[in-house]
Amino acid sequence: MMKKHLVMAVVPFLAFGCGDDLVDADGDGIADGVREPDTVTVVTPANPKGTVSGQVLSTDLRPLTEVTVEMTIGSSAEPVSTVSDAKGNFTYKNVPAGSHVLLTFSKAGYATLRATAQVPSSAGNVPINNGNASFGPITLARLDGTLNFLVVTPQGRPAAGARATLEATPAGAISNGDESSSMVSSVVVEATANEQGLLTFTGIPSAAELARLRNGNGEYKLWVSPIDANGDGVPETGGYVNTYYGAEVVANSTTRLISLPYSRPQNVPLSIESSNVASLRGGGADFHPLRNLVRVGEPIHLFFNQPIQQGSLSVLMTGENAAELLPVTTNVANGGYSATINPGGAIADGKEYNIDVRAVSAEGGSMYSRTGFFFTGDASAVRQMSIVEARYEERDPVSMPTSAQLNSGELVYLTFNHPISDTFAQGEYVYVRFHRNIAGPDAPAGLGIGDSMGEHGNATGFLLESAEPTRPLPTRVPNEDPAFKIIRSGYTSRWKFTYSGNAILSHEFSTVRMEVYFSELPSRGIMGSYENYMGQPLVSNLTVTGIVQQPAPVPVPVP
């Protein structure tokens, strides 16, 4: 009896499920006339359709009427448009199921919002009609807000003309949108600072509007562009970026002060990155004479790693003896990034000069101070060396009563026409000899020239040593200070030796002849140990006739 009952229960179901007369005229996916759940027969719609609908509100949840809702289906279809009703509702019908749609919500005085979604085409594995893509509630922010910023330069002056961009995001929201939907809404406005440095942004969501969006985390993003006031392509300031939350601005509505940063990091000290006088470079100073060579009439170029303050460049220059200041002119260009120094007629060919450069950064006020040197000449020119002067330093007449004569133990300075260096020998191998008899008073009678040390023809002579000056030759006690602290270049035109022999009286000075024996260097295997600043070795002897007096220093009365 049980088996027979089951068969009778199944037969009606098969009859309904396989019958050819089942139709779905109303397109609801269920055969017409079928109502029992266990006897539903699915009929696949030929072209299933769906709906797109939603409600548009303000951020305080009031319905927004007359909001234009433009819909684009896919990427190629022409958009269609409708408007929200008095309750903020809108509906699109007969949208192909499975379609990707883009909706644009716009209303005068409110932010625009764009959202995407997909119209459902099935419930599980069952195709359906009337699948709904639900947008919303959708909220749009009013654009009636104003936000002010006061912008100043790194020096604290109004940053007039500063250009800035403000983005308020999000400017709308989908509170309970379909899982497949996504949205974007932001407002971007630009402003230019006035003469007082005030930036005013209008037509944006107020801080209260943003505070109601994204759970109080709606935000303003501010970008201030670097300032290039003189239009030379080099910004005088850096840019500025910051974020301000709507809730924060509501709590503190004062005008915010923005101090623009320097165009380079403030922690980097001012320095000279490049110059044709390499001894002035910061960090990478180079003291080779050929990289500190300036032609007469050629300016000295300086290139800083950051702009310097207007009027802060100070340049001092002296001759090799570090005494008198020589006139120079300067010019700052390229927004403070470069400068030129023009010595003009203050320099002569073949000389060495000391130079002191100081400047103050416009980016934080760090100071650059560097003392260097340079030589004048043409690297392609051959230098013919000579001795231009011999001068002895008179000792204090109190301790040396026999003044106005060259006495044993006094220093003799030889000045060459160009700077030279004892590159390897350190002044230990070149000798000076006199072309006269300088034997001391205790020497045996009858000695001729060459029989005593320091005479022409003798194997020994007076050692010539570098006397590169770091201050002027003394003319007073205390000694004169240099115009600024001098650094040594290793090349100098002033050399010295200590005289030893009988006194040479002043009336003999004009006939005194001395010779420097560079020719002896090759015979000792040290050729090239002395060279001029062009790198040319000295191997020929040089002579000078005549000697002058450097007076003894005079004590300066104490006031």
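Figured I'd write up the structure that's included with this text. Keep in mind it's a predicted model, so treat the numbers as computed, not measured.

All right, on to the overall build of the chain then. Along its length, the chain carries four helices and 40 strands. A buried classification covers 42% of the 559 residues belonging to the chain. Considering only contacts within the chain whose residues lie at least 6 apart along the sequence, 68% involve residues at least 24 apart. Per element, the accessible surface of the chain, about 27800 Å² overall, is 53% carbon and sulfur.

A separate point is unusual backbone geometry. Between Thr169 and the following residue, Pro170, the backbone shows a cis peptide bond with an omega angle of -10 degrees. If you trace the backbone, Pro170 turns up in the loop between strand 11 (163–169) and strand 12 (172–174). In this chain, Val477 is followed by Pro478 through a cis amide linkage whose omega measures 5 degrees. Secondary-structure assignment places Pro478 in the loop between strand 33 (476–477) and strand 34 (492–498). Despite not being glycine, Arg214 shows a phi value in the positive range, around 55 degrees. Looking at the element boundaries, Arg214 is found in the loop between helix 2 (207–211) and strand 16 (219–224). Phi angles above zero are rare outside glycine, and Asn334 is one such case at about 55 degrees. Note on placement: Asn334 falls in the loop between strand 23 (329–333) and strand 24 (338–342). By relative accessible area, which is 38% here, Asn334 ends up partly exposed.

Attention now goes to the pairing of strand 11. In terms of burial, strand 11 is a largely internal element, five of the seven residues being buried. Judged from the six bridges that link them, strand 11 and strand 14 (residues 187–192) form a sheet pairing that is antiparallel. Directly across from Ala164, in strand 14, lies its bridge partner Ala191. The pairing of strand 11 with strand 16 spans six bridges and is classified as antiparallel. Along strand 16, the bridge assignment pairs Glu167 with Lys221.

In this section: empty space enclosed by the protein. Applying the stated criterion to the full structure yields one cavity of 30 Å³ or more. By volume, the largest cavity amounts to about 30 Å³.

Attention now goes to the pairing of strand 38 (residues 542–545). Moving residue by residue along a regular strand, the side chains alternate between the two faces of the sheet. Burial along strand 38 is one-sided: Leu542 and Val544 are buried, and none of Thr543 and Thr545, which face the opposite way, are. Where strand 36 (residues 513–516) meets strand 38, four bridges bridge the pair, whose relative direction is antiparallel. Bridge assignment links Val516 to a residue of strand 38, and that residue is Leu542.

The next thing to look at is the packing of aromatic side chains. For the structure shown, the criterion picks out 17 aromatic pairs. Taking the centre distance of 5.5 Å and the plane angle of 10 degrees together, the rings of Phe462 and Phe497 count as stacked. Note that Phe462 is positioned in strand 31 (residues 462–463) and Phe497 in strand 34, a separation of 35 residues in sequence. Phe462 gets classed as buried once you look at its relative accessible area, which sits at 2%. Given the relative accessible area of 0%, Phe497 is considered buried. By way of ring pairs, the aromatic residues Phe287, Phe373, Phe375, Tyr491 and Tyr533 are connected into one cluster.

Our next topic: the side chain of Asn305. Mapped onto the elements, Asn305 comes out in the loop between strand 21 (300–304) and strand 22 (314–319). Judged by its relative accessible area of 6%, Asn305 is buried. Within the structure, Asn305 has its side chain in polar contact with the backbone nitrogen of Ser271 (distance 2.9 Å).

With that settled, the discussion passes to the sheet that holds strand 22. Ordered by their spatial adjacency, four strands build an open sheet running 20-26-25-22, and the pairing between neighbours is mixed. Edge positions in the open sheet fall to strand 20 (293–294) and strand 22, since each of these has one partner strand only.

This structure, assessed with the given rule, holds 15 salt bridges. Its salt-bridge partner being Arg256, residue Glu248 comes within 3.9 Å of it at the nearest N-O pair. With a relative accessible area of 12%, Arg256 lands in the buried category. A salt bridge links Glu508 to Arg436; the shortest N-O distance between them is 2.9 Å. With Glu508 in the loop between strand 35 (504–505) and strand 36 and Arg436 in the loop between strand 30 (431–434) and strand 31, this pair connects stretches of sequence that are 72 residues apart.

The next subject is the environment of Pro557. With respect to the secondary-structure elements, Pro557 resides in the segment after strand 40 (554–555). Here the alpha-carbon distance between Pro557 and Val477, two residues 80 residues apart in the chain, equals 9.1 Å.

A few words now on the sheet that holds strand 14. As summarised here, the arrangement of the four strands in space is 14-11-16-17, forming an open sheet in which the pairing is antiparallel. A strand with exactly one partner marks an edge of an open sheet, and here the two such strands are strand 14 and strand 17 (240–245). On average, each strand axis in the sheet is tilted by 20 degrees relative to the strand beside it, whichever way the strands run.

Here we come to the layout of surface pockets. Vacant regions in the atomic arrangement are exposed by a probe of water-molecule size rolled over the atoms. When its volume is computed, the largest pocket comes out at roughly 520 Å³. A per-class count over the lining of the largest pocket returns 11 nonpolar, nine polar and three charged. Taken as a whole, the second largest pocket spans an internal volume of roughly 220 Å³. Together, Glu320, Asn321, Ala323, Glu389, Arg391, Tyr413, Thr415, Pro469, Pro472, Leu473, Ser493 and Arg494 line the second largest pocket. Elements supplying a minimum of two residues to the lining of the second largest pocket: strand 27 (387–393), strand 29 (411–422) and strand 34. Residue composition of the lining of the second largest pocket, grouped by class: five nonpolar, three polar and four charged.

In this fold, Leu326 is placed in the loop between strand 22 and strand 23. For the pair Leu326 and Asn354, spaced 28 residues apart in the sequence, the C-alpha separation amounts to 10.0 Å. Non-local contacts of Leu326, meaning those with residues more than four positions away in its chain, are made with Met317, Thr318, Gly319, Ala346 and Tyr353.

What counts and how
Residues numbered from 1 in each chain as written. Predicted model: local features only at pLDDT ≥ 70, side-chain atom pairs only at ≥ 80, totals over all residues. Heavy atoms only, no water. Helix = DSSP H or I, 4+ residues; strand = E, 2+ residues; numbered from the N terminus. Buried < 20%, exposed > 50% of the residue type's maximum accessible area, 1.4 Å probe, protein only. Contact = heavy atoms within 4.5 Å. Areas by Shrake-Rupley, 256 points an atom, 1.4 Å probe, with all protein chains shown as cover. Pairing = 2+ DSSP bridges. 1 Å grid on protein atoms, 1.4 Å probe; cavity = no way out; pocket = protein on both sides within 12 Å on 5 of 7 lines; lining within 4 Å. Points joined across faces, edges and corners; volume = space filled by probe spheres on them. Phe/Tyr/Trp six-rings, centres within 6.5 Å; stacked < 30°, edge-to-face > 60°. Polar contact = N/O pair within 3.5 Å; in protein donor to acceptor, adjacent residues only side chain to side chain. Salt bridge = Lys/Arg side-chain N within 4 Å of Asp/Glu carboxyl O. Axes fitted to C-alpha atoms, helices over the stretch in contact; angles between N-to-C directions. Nonpolar A, V, L, I, M, F, W, Y, C, P; charged D, E, K, R; others polar.

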